Amino acid sequence: MSSPSKRREMDLMKLMMSDYKVEMINDGMQEFYVEFNGPKESPYHGGVWKIRVELPDAYPYKSPSIGFVNKIYHPNVDEMSGSVCLDVINQTWSPMFDLVNVFEVFLPQLLLYPNPSDPLNGEAAALMMRDRTAYEQRVKEYCEKYAKPEDVGAVPEERSSDEELSEDEYAASDDEEIAGKPDP
């Protein structure tokens, strides 16, 4: 196994072990989703986003591609594609950084300190510079509308149809309720 693929596996395992919910996209370890919570002390607090991460073949020597799947209102995130304009990830990436840095440092910093002078969302940048209170209100509206736990697929787990019920659950289930009343 080559060094970049070992590093990819190690970084992914480290991310999974640091309590981030990670969902693989295919069998490989190059594309996956990570559940990300908005940082405290920011208008994004309470929001939950599904972040798509793509690791290039040259990772960790080349930076990962990061994008928001559900909508976020932010000057440095393209509202339609979710792609992130993040200097550290896009230009100053170093193999010293890992995936945990992305979710514990880089993305929280991006949300805490937006840069309206380098926008991907011009409307958000203009509103932020013109009226910070209105901007923060719009951020909160987007959080309410697009960034609730159910928006990233965090719904209560349902049983698959092939799982068996325990004896207690089976006894508690009401067959009449499922099948309906018998015909008279």
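The shown structure was predicted, so the numbers you read here are calculated from the model rather than taken from an experiment. (Residues numbered from 1 in each chain as written. Predicted model: local features only at pLDDT ≥ 70, side-chain atom pairs only at ≥ 80, totals over all residues. Heavy atoms only, no water.)

Observations regarding the overall build of the chain
Here is the rule: Helix and strand assignments follow DSSP, with helices taken as H or I runs no shorter than four residues and strands as E runs no shorter than two, numbered in order from the N terminus. Working rule for contacts: check all heavy atoms of both residues, and any pair within 4.5 Å makes them a contact. Working definition of accessibility: Shrake-Rupley area with a 1.4 Å probe, residue cover restricted to the visible protein chains.
A tally of helices and strands in the chain yields seven helices and four strands. Ordering the α and β elements of the chain from the N terminus gives α-β-β-β-β-α-α-α-α-α-α. In the chain, once contacts between residues fewer than 6 apart in sequence are set aside, the share between residues at least 24 apart is 54%. Looking at the chain as shown, the accessible area adds up to about 11500 Å², and 50% of this sits on carbon and sulfur atoms.

Structural notes on the environment of Ala147
Along the chain, the position of Ala147 falls in the loop between α5 (132-146) and α6 (167-172). When the C-alpha positions of Ala147 and Gly47 are compared, they lie 4.8 Å apart, and in sequence the two are 100 residues distant.

Quick notes on the packing of aromatic side chains
For clarity, the threshold we go by: Pairing of aromatic rings covers Phe, Tyr and Trp, the last through its six-membered ring, and needs centres within 6.5 Å; plane angles under 30 degrees mean stacked, over 60 mean edge-to-face, and all others mean tilted. Criterion for a charge above a ring: Lys NZ or Arg CZ within 6 Å of the ring centre, and within 35 degrees of the ring normal.
Applying the stated rule across the entire model yields 10 aromatic pairs. Taken together, the ring pairs connect Tyr59, Trp93, Phe97 and Phe106 into an aromatic cluster. Of note, Lys50 hangs over the ring of Tyr33, and the distance from its end group to the ring centre comes to 4.6 Å.

Notes on the side chain of Lys50
Looking at the secondary structure, you find Lys50 in strand β3 (residues 48-54). Excluding anything up to four places from it in sequence, Lys50 contacts Glu23, Tyr33, Val34, Gly67, Phe68, Val69, Asn70 and Val152.

Examining the sheet that holds strand β1 (residues 22-24)
Selection criterion: At least two bridges found by DSSP between two strands is the condition for calling them paired. Fitted lines through C-alpha atoms give the axes, limited to the stretch in contact for helices. The angle between two N-to-C directions lies from 0 to 180 degrees.
As summarised here, the arrangement of the four strands in space is β1-β2-β3-β4, forming an open sheet in which the pairing is antiparallel. Since the sheet does not close on itself, it has two edges, and those belong to β1 and β4 (65-68), each with one partner. Across the sheet, the axes of successive neighbouring strands diverge by a mean angle of 25 degrees, strand direction being ignored. Where β3 lies against β4, four bridges are found, and the strand directions are antiparallel. Directly across from Val53, in β4, lies its bridge partner Ile66. Along the sheet, helix α1 (residues 3-17) makes contact with β1 and β2 (31-37), crossing β1 at roughly 135 degrees. Seen against the sheet, helix α3 (residues 99-112) touches β2, β3 and β4 and runs at an angle of roughly 50 degrees to β2.

With respect to the UniProt feature "active site" (unreviewed entry) in the chain
To keep things clear, this is the line we draw: UniProt positions are given in the numbering used here, feature names are shortened, and annotations may be inferred rather than shown by experiment.
When the UniProt feature table is mapped to this numbering, "active site" (unreviewed entry) covers Cys85. Inspection of the secondary structure puts Cys85 in the loop between β4 and α2 (87-90).

Looking at the pairing of β3
Applicable threshold: Working definition: with a 1.4 Å probe on protein chains only, accessible area under 20% of the residue-type maximum means buried, over 50% means exposed, and in between means partly exposed.
Counting buried positions along β3 gives five out of seven residues, so the element sits mostly inside the fold. Relative to β3, β2 is paired through seven bridges, and the arrangement is antiparallel. Following the sheet pairing, Tyr33 is matched in β3 by Arg52.

What to know about the confidence of the model for the chain
Spelled out, the test is: The pLDDT value tells you how sure the predictor is about a given residue, anywhere from 0 up to 100.
Residue-level pLDDT values for the chain average 83, and 80% of them are 70 or greater. This stretch, residues 155-179, has a pLDDT under 50; its non-local contacts, to residues over four places away or in other chains, come to seven contacts.

Quick look at α1
Filter applied, for reference: The length a helix should cover is 1.5 Å for every residue beyond the first. Arc definition: directions from the helix axis to the C-beta atoms.
The first and last C-alpha atoms of α1 sit 21 Å apart over 15 residues, in line with the 21 Å expected at 1.5 Å per residue. Within α1 the residues assigned to the buried category are Ser5, Arg7, Arg8, Asp11, Leu12 and Leu15. Down the axis of α1, the smallest arc covering the buried residues is 160 degrees, so these residues share one side. Of the exposed residues in α1, the ones pointing more than 90 degrees away from its buried face are Lys6, Met10 and Met17. If you follow the buried residues of α1, they end up packed against β1, β2 and α3. Of the residues flanking the end of α1, it is Asp19, one or two places downstream, whose phi is positive at about 70 degrees.

As for the packing of helix α4 (residues 122-130) against α5
How we decide: With respect to orientation, any angle under 35 degrees is reported as roughly parallel, any angle over 145 as roughly antiparallel, any angle of 65 to 115 as roughly perpendicular, and every other angle as oblique. Residues are grouped as follows: nonpolar covers Ala, Val, Leu, Ile, Met, Phe, Trp, Tyr, Cys and Pro; charged covers Asp, Glu, Lys and Arg; every other residue, Gly included, is treated as polar.
Remark: α4 packs on α5, axes separated minimally by 5 Å, with the N-to-C direction vectors making an angle of 135 degrees. Between α4 and α5, the interaxial angle falls into the category oblique. Contact with α4, carried on its side by Glu123, Ala124, Leu127, Met128 and Arg130, involves Arg132, Ala134, Tyr135 and Arg138 of α5 and no other residues of that element. Class assignment of the residues belonging to the contact of α4 with α5 gives a composition of five nonpolar, no polar and four charged.

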